[in-house]
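These are the residues of each chain, in order.
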Amino acid sequence: MRPPMRPPMRPPILAANWKMHHGPTAARAFIAELLARHTPRADRTIVLFPPALSLHAAAEARADRTDIRLGVQNIHWESKGAFTGETSAGMARDAGAELALVGHSERRHVFGETDEETSRKCTAAHAAGLVPMLCVGERLGEREAGETEAVVLRQLRAGLTSLEAGARRSVMIAYEPVWAIGTGKTATPDDAAAVHAVIRQELQVLAPEGGSEVPILYGGSVNPGNAAALLAAPEVGGLLVGGASLEVAGWLAIAST
Ligand code: PGA
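Structural notes, computed from the coordinates.

Thresholds, definitions, all that
- Residues numbered from 1 in each chain as written.
- Predicted model: local features only at pLDDT ≥ 70, side-chain atom pairs only at ≥ 80, totals over all residues.
- Heavy atoms only, no water.
- Phe/Tyr/Trp six-rings, centres within 6.5 Å; stacked < 30°, edge-to-face > 60°.
- Lys NZ or Arg CZ within 6 Å of the ring centre and 35° of its normal.
- Buried < 20%, exposed > 50% of the residue type's maximum accessible area, 1.4 Å probe, protein only.
- Helix = DSSP H or I, 4+ residues; strand = E, 2+ residues; numbered from the N terminus.
- Arc of directions from axis to C-beta.
- Contact = heavy atoms within 4.5 Å.
- Salt bridge = Lys/Arg side-chain N within 4 Å of Asp/Glu carboxyl O.
- Near = heavy atom within 4 Å.
- Polar contact = N/O pair within 3.5 Å; in protein donor to acceptor, adjacent residues only side chain to side chain.
- Areas by Shrake-Rupley, 256 points an atom, 1.4 Å probe, with all protein chains shown as cover.
- Nonpolar A, V, L, I, M, F, W, Y, C, P; charged D, E, K, R; others polar.

As enumerated under the stated definition, the model contains two aromatic pairs in all. Residue placement shows R107 over the ring face of F111; its charged tip is 4.2 Å from the ring centre.

Structure, rendered in structure tokens:
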């Protein structure tokens, strides 16, 4: 049963971002163990984001267990061409992805991805039939300078405004404060709820039809001990989990929250 204080329109989304972990062999083994230990549940959606190279193996290992959905961690905005080392949205879809992470903080801050690029990637994902999961979040200095809201709104608008109005409701948002990613520092449920409320308000402006139903996930040092409280916070419609998603037991403890 859903907790009564969360007003969601759909079951929570529990998403695992494996980052650069689990090649094809490890992905197969992870999913085999996951399927053995987890029976399909209608009250939640599970998404795995393996490395692009492991997507096909993950899709094969998942077989007919389509309750386990797959996504790609990054795409290029072009559909094909001379872009050595890149993956297009169409290729990711062909390999089994249904979703695409866009603008993860490591893409933005390690690889220098710009707002304009996230915008093009959202458009490319949508055009290829993938659901973009746009990641937004402030750095520590921005939070301390009182700029959280401005940063998150800028990233949100940049990501979504190039999508036509009707497509903006077919996205997911992940709020991931950069200072909480991989650091062990988690936003409190109140911190998360405050920013999620700002995102929700803007989604209703950007997508007057359906913006109130776009899932907003929280991510950043989520673990089995804090997952339930974060998930119960207002407007938190799911969790995006990095480090704590790499072992099946820990992941299942979160995914069963
Ligand atoms: P973390 O990563 O759970 O290891 O903090 C979350 C993410 O980067 O999506």
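Bringing helix α10 (residues 248–255) into the picture now. Buried residues of α10: V248, W251, L252, I254 and A255, and no others. Buried residues along α10 cover an arc of 160 degrees about the axis, so they all sit on one side. Considering only its buried residues, α10 is in contact with β1 (13–17), α1 (24–37), β2 (45–49), α9 (227–231) and β8 (238–241).

Moving on, we get to the pattern of salt bridges. If the charged atoms of two oppositely charged side chains come close together, the side chains can form a pair. Under the definition given, this model contains 18 salt bridges. Close ionic contact of R108 with D115 constitutes a salt bridge, the shortest N to O distance being 3.0 Å. Grouping residues by exposure puts R108 and D115 together as buried. In this structure, the salt-bridge partner of E116 is R120, at a minimum N-O distance of 3.9 Å.

Quick look at the site of the ligand now. Within the structure, the ligand sits among 13 residues, and K19, H104, E176, G182 and S221 are positioned closest to it. Side-chain polar atom of H104 to an oxygen atom of the ligand: 2.6 Å apart, as the coordinates give it. E176 is positioned such that a nitrogen or oxygen atom in its side chain is 2.7 Å from an oxygen atom of the ligand. Protein contacts shield 95% of the accessible area of the ligand, which totals 280 Å² for the unbound molecule. Residue classes in the shell around the ligand are distributed as four nonpolar, seven polar and two charged.

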